[in-house]
Amino acid sequence: MCPTPWRCRTHIMQLVEGNIYHVYNRGNNKRQIFFSRENYIYFLKSVHKNIASCSDIFAWCLMPNHFHFLIHANQNSVLEINEGSFARQQFSQQIKQLLSSYAKAINKQKNFTGSLFQQKTKAVCVNDACCSYAQTAFHYIHQNPMRANLVTKMEEWEFSSFADYAGFRNGNLCNKELAYLLLDLNKENFYTDSYKVIEDDIINMIE
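The text that follows walks through the structure, step by step, so that each part is easy to find. Only a predicted model underlies this, so the values are computations on that prediction, with no experimental measurement involved.

Concerning the packing of helix H1 (residues 37-50) against helix H2 (residues 90-110)
Here is step 1: Remark: H1 packs on H2, axes separated minimally by 10 Å, with the N-to-C direction vectors making an angle of 155 degrees. Taken together, the axes of H1 and H2 lie roughly antiparallel to each other. Remark: the crossing between H1 and H2 carries right-handed chirality. Contacts between H1 and H2 involve Asn39, Tyr42, Phe43, Ser46, Val47, Lys49 and Asn50 from the first element and Gln94, Gln97, Leu98, Leu99, Ser101, Tyr102, Ala105, Ile106 and Gln109 from the second.
Here is step 2: Of the residues belonging to the contact of H1 with H2, the class tally is eight nonpolar, seven polar and one charged.

Right, dumping it as structure tokens:
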């Protein structure tokens, strides 16, 4: 448990096993990072390889210029990986690999130079006693495309886990059963709960 759960932030990606984190990054200078459907698919394949292998993914959303994950840190997440004299956790190493490999592919495809992503990927611990912040982060991640006016309904956005939870698709990237358990999600009321308005002051707590 984080000492001050909903305000616990880390720039060195030092996760604690058992905690839930809102992980996100965006394009450098807020520029676009996904340019085609194939780009999204390529990124997701790398997520399967790099992130799902060392954490429990509860929710995800890819937006034109940023991405969000809600993850549960498990024993694989916090394993230490040595790089010469420097040690980092496996989750941090895999995030680095994910972004590095994707940036290399996009820079080659688009003939870009420089950094595609912002330097530091954020990881905000959203643990709290009654799970409300973690649950809110879960719904907030799914609401992103609608809040950005990219779609009128969340199920219209292909590149998030909402369709999997709402029963429109049968994706396997998320550990849905663990998410239902730890986030106290209501399967029967899931769709209605997902559309509840999230106040800006609450959003500030999970970003």
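That covers the picture; the talk isn't over yet.
Notes on the packing of aromatic side chains
Here is step 1: Enumeration over the complete set of coordinates arrives at 21 aromatic pairs.
Here is step 2: With 5.1 Å between their ring centres and 85 degrees between their planes, Phe43 and Tyr102 make a pair best called edge-to-face. One end of the pair, Phe43, is in helix H1; the other, Tyr102, is in helix H2, and 59 residues separate them in sequence. Neither Phe43 nor Tyr102 differs from the other in exposure class; each is buried.
Here is step 3: Plain terms: the ring middles of Phe162 and Tyr191 are 6.0 Å apart, the flat faces sit at 50 degrees to each other, and that makes the pair tilted. Note that Phe162 is positioned in helix H4 (residues 162-166) and Tyr191 in helix H6 (residues 190-194), a separation of 29 residues in sequence.
Here is step 4: Residue classification places Phe162 among the buried residues on the basis of a relative accessible area of 0%.
Here is step 5: Taking relative accessible area as the criterion, Tyr191 reaches 34% and is therefore assigned partly exposed.
Here is step 6: Through a chain of ring-to-ring contacts, the aromatic side chains of Phe34, Tyr40, Tyr42, Phe43, Phe67, Phe69, Tyr102, Phe117, Trp157 and Phe159 assemble into a single cluster.
Here is step 7: Sitting over the face of the ring of Phe112, Arg31 holds its NZ or CZ atom 4.9 Å from the ring centroid.

Calculation criteria
Residues numbered from 1 in each chain as written. Predicted model: local features only at pLDDT ≥ 70, side-chain atom pairs only at ≥ 80, totals over all residues. Heavy atoms only, no water. Axes fitted to C-alpha atoms, helices over the stretch in contact; angles between N-to-C directions. Helix = DSSP H or I, 4+ residues; strand = E, 2+ residues; numbered from the N terminus. Parallel < 35°, antiparallel > 145°, perpendicular 65-115°, else oblique. Left-handed = near helix turned anticlockwise from the far one by under 90°. Contact = heavy atoms within 4.5 Å. Nonpolar A, V, L, I, M, F, W, Y, C, P; charged D, E, K, R; others polar. Phe/Tyr/Trp six-rings, centres within 6.5 Å; stacked < 30°, edge-to-face > 60°. Buried < 20%, exposed > 50% of the residue type's maximum accessible area, 1.4 Å probe, protein only. Lys NZ or Arg CZ within 6 Å of the ring centre and 35° of its normal.

Interpretation note: all reported values are geometric properties and have no functional meaning in isolation.
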